[in-house]
Amino acid sequence: MAETDVVEQKQQQKQQQKQQQYEPQDGFEERVIEIARVAKVVKGGRRFRFRVTVVVGDTKGTIGMGSGKANAVPDAMRKASERARKNMRKVNLSATTIPHESIGAVGGARVFLKPASPGTGVIAAGGVRAVLEVVGVRDILTKSMGSANVLNVVMATFDALNNLKSVQAEAARRGKKVEELLPFWERRKQHA
């Protein structure tokens with residue numbers, strides 16, 4: 001009896017250590033975009049694996065995406081999460097929205113992002129919403145056009161976010177004041 005209890009306790013400790021090892025402890029928010037069963041055709045039939053796509057962000061303008069494949073979903077999630085953390089990049093934001101309109105395209109998928117006034121919320125669905133919430137955008141209008149393939153739509157959203165320029169850099173390039181390039185709702189506040 002005592003030996004079986006000791007063995008069970010050791011197994012529980014090992015499981016707890018594994019769980020602690022895989023839990024993210026870096027303050028990033030993680031969203032699973034897609035879990036797909038994919039097949040490889042071989043001589044004897046089909047080999048099935050799982051592909052997991054994950055988006056990781058700090059809700060302050062840093063974001064990364066990763067995809068992982070494995071025979072089991074938890075292993076694929078771990079791989080995807082690790083790849084997303086290695087693939088982090090900074091995005092130019094303007095308060096709770098984006099500085100200007102942007103279109104991103106990957107394959108047949110096109111995603112249009114448009115800044116919105118405070119209080120609008122995230123008007124998006126599926127993968128686009130997950131990406132925008134993780135990056136820290138709280139007010140935005142979006143439109144997904146063309147292909148509805150989840151992976152391509154998410155990558156097109158990343159492309160649109162990468163195309164964003166900072167207001168300060170664009171004002172310096174054009175030789176204008178930063179106030180002139182702010183959205184109309186910000187300019188309205190300054191004149192009132």
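What you are looking at is a predicted structure, and each value in this text was computed from that prediction instead of being measured.

1. A few points about the sheet that holds strand S1 (residues 29-42)
Strand pairing in a sheet is mediated by backbone hydrogen bonds. Such pairs are either parallel or antiparallel. In spatial order, the strands read S1-S2-S3-S4; together these 4 strands make up an open sheet with antiparallel pairing. At either margin of the open sheet sits one strand with a lone partner, and together these are S1 and strand S4 (89-90). Of the strand pairs in this sheet, S1 and strand S2 (residues 45-57) are connected by 13 bridges, and their pairing is antiparallel. Opposite Arg31, over in S2, you have Val55 as the bridge partner. Set on the sheet, helix H2 (residues 73-86) makes contact with S1, S2 and strand S3 (62-70); between it and S3 the angle comes to about 145°. Packed onto the sheet, helix H4 (residues 150-162) meets S1, S2, S3 and S4 and runs at close to 155° relative to S3.

2. Here's the deal with the side chain of Thr96
Position of Thr96 relative to the elements: it lies in the loop between S4 and strand S5 (102-106). Overall, Thr96 belongs to the buried group, its relative accessible area being 18%. In this view, Thr96 contacts Val137, Arg138 and Asp139; residues no more than four positions away in its chain are not counted.

3. With respect to a positive patch on the surface
A cluster of like positive charges, contributed by Lys40, Arg47, Arg49 and Lys69, occupies part of the molecular surface. Within the secondary structure layout, Lys40 lies in strand S1. By relative accessible area, Lys40 is classed as exposed at 55%.

4. Details of unusual backbone geometry
Phi is positive for Thr59, which is not a glycine, with a value near 60°. Judged by its relative accessible area of 36%, Thr59 falls in the partly exposed class.

5. Description of the pattern of salt bridges
Taken as a whole and assessed by the stated rule, the structure comprises 6 salt bridges. Between Arg31 and Glu29 there is a salt bridge; the shortest N-O distance is 2.8 Å. Exposure remark for Arg31: the relative accessible area of 26% places this residue in the partly exposed category. For Arg78, the salt bridge goes to Glu82, with nearest N and O atoms at 3.5 Å. Of the two residues, Arg78 and Glu82 both sit in helix H2, 4 residues apart, roughly one turn of that helix. The exposure class assigned to Arg78 is partly exposed, which follows from its relative accessible area of 24%. Given a relative accessible area of 41%, Glu82 falls into the partly exposed group.

6. A look at the side chain of Asp58
Position of Asp58 relative to the elements: it lies in the loop between S2 and S3. From its side chain, Asp58 meets the backbone nitrogen of Lys60 in a polar contact 2.9 Å long. In this structure the side chain of Asp58 is engaged in a polar contact, spanning 3.4 Å, whose partner is the backbone nitrogen of Gly61.

7. Side note on the environment of Met65
Its location among the elements puts Met65 in strand S3. A sequence separation of 19 residues divides Met65 from Ala84, and the C-alpha atoms of the two residues are 4.3 Å apart.

8. A short note on the packing of helix H3 (residues 126-135) against H4
Taken N-terminus to C-terminus, the directions of H3 and H4 make an angle of 40°; their axes are 8 Å apart at the nearest point. With respect to H4, the element H3 is oriented oblique. Classified by chirality, the crossing of H4 by H3 is right-handed. Residues Gly127, Val128, Val131 and Leu132 of H3 form the contact with H4, whose own contacting residues are Val153, Val154, Thr157, Phe158 and Leu161.

9. Some points on the sheet that holds strand S8 (residues 140-146)
One open sheet holds the 4 strands; their spatial order is S5-S6-S8-S7, and the pairing between them is mixed. Strands at the two margins of the open sheet, each flanked by one partner only, are S5 and strand S7 (122-123). With 2 bridges connecting them, S7 and S8 associate as parallel partners. Each bridged residue has a counterpart across the sheet, and for Val122 the counterpart in S8 is Ile140.

Definitions and limits used
Residues numbered from 1 in each chain as written. Predicted model: local features only at pLDDT ≥ 70, side-chain atom pairs only at ≥ 80, totals over all residues. Heavy atoms only, no water. Pairing = 2+ DSSP bridges. Helix = DSSP H or I, 4+ residues; strand = E, 2+ residues; numbered from the N terminus. Contact = heavy atoms within 4.5 Å. Axes fitted to C-alpha atoms, helices over the stretch in contact; angles between N-to-C directions. Buried < 20%, exposed > 50% of the residue type's maximum accessible area, 1.4 Å probe, protein only. Patch = residues over 30% accessible without salt bridge, like charges linked within 9 Å, V, L, I, M, F, W, Y side chains within 5 Å. Areas by Shrake-Rupley, 256 points an atom, 1.4 Å probe, with all protein chains shown as cover. Salt bridge = Lys/Arg side-chain N within 4 Å of Asp/Glu carboxyl O. Lys, Arg positive; Asp, Glu negative; His and termini not counted. Charge placed at Lys NZ, Arg CZ, Asp CG, Glu CD. Polar contact = N/O pair within 3.5 Å; in protein donor to acceptor, adjacent residues only side chain to side chain. Parallel < 35°, antiparallel > 145°, perpendicular 65-115°, else oblique. Left-handed = near helix turned anticlockwise from the far one by under 90°.

What is shown is where atoms sit, not what they do.
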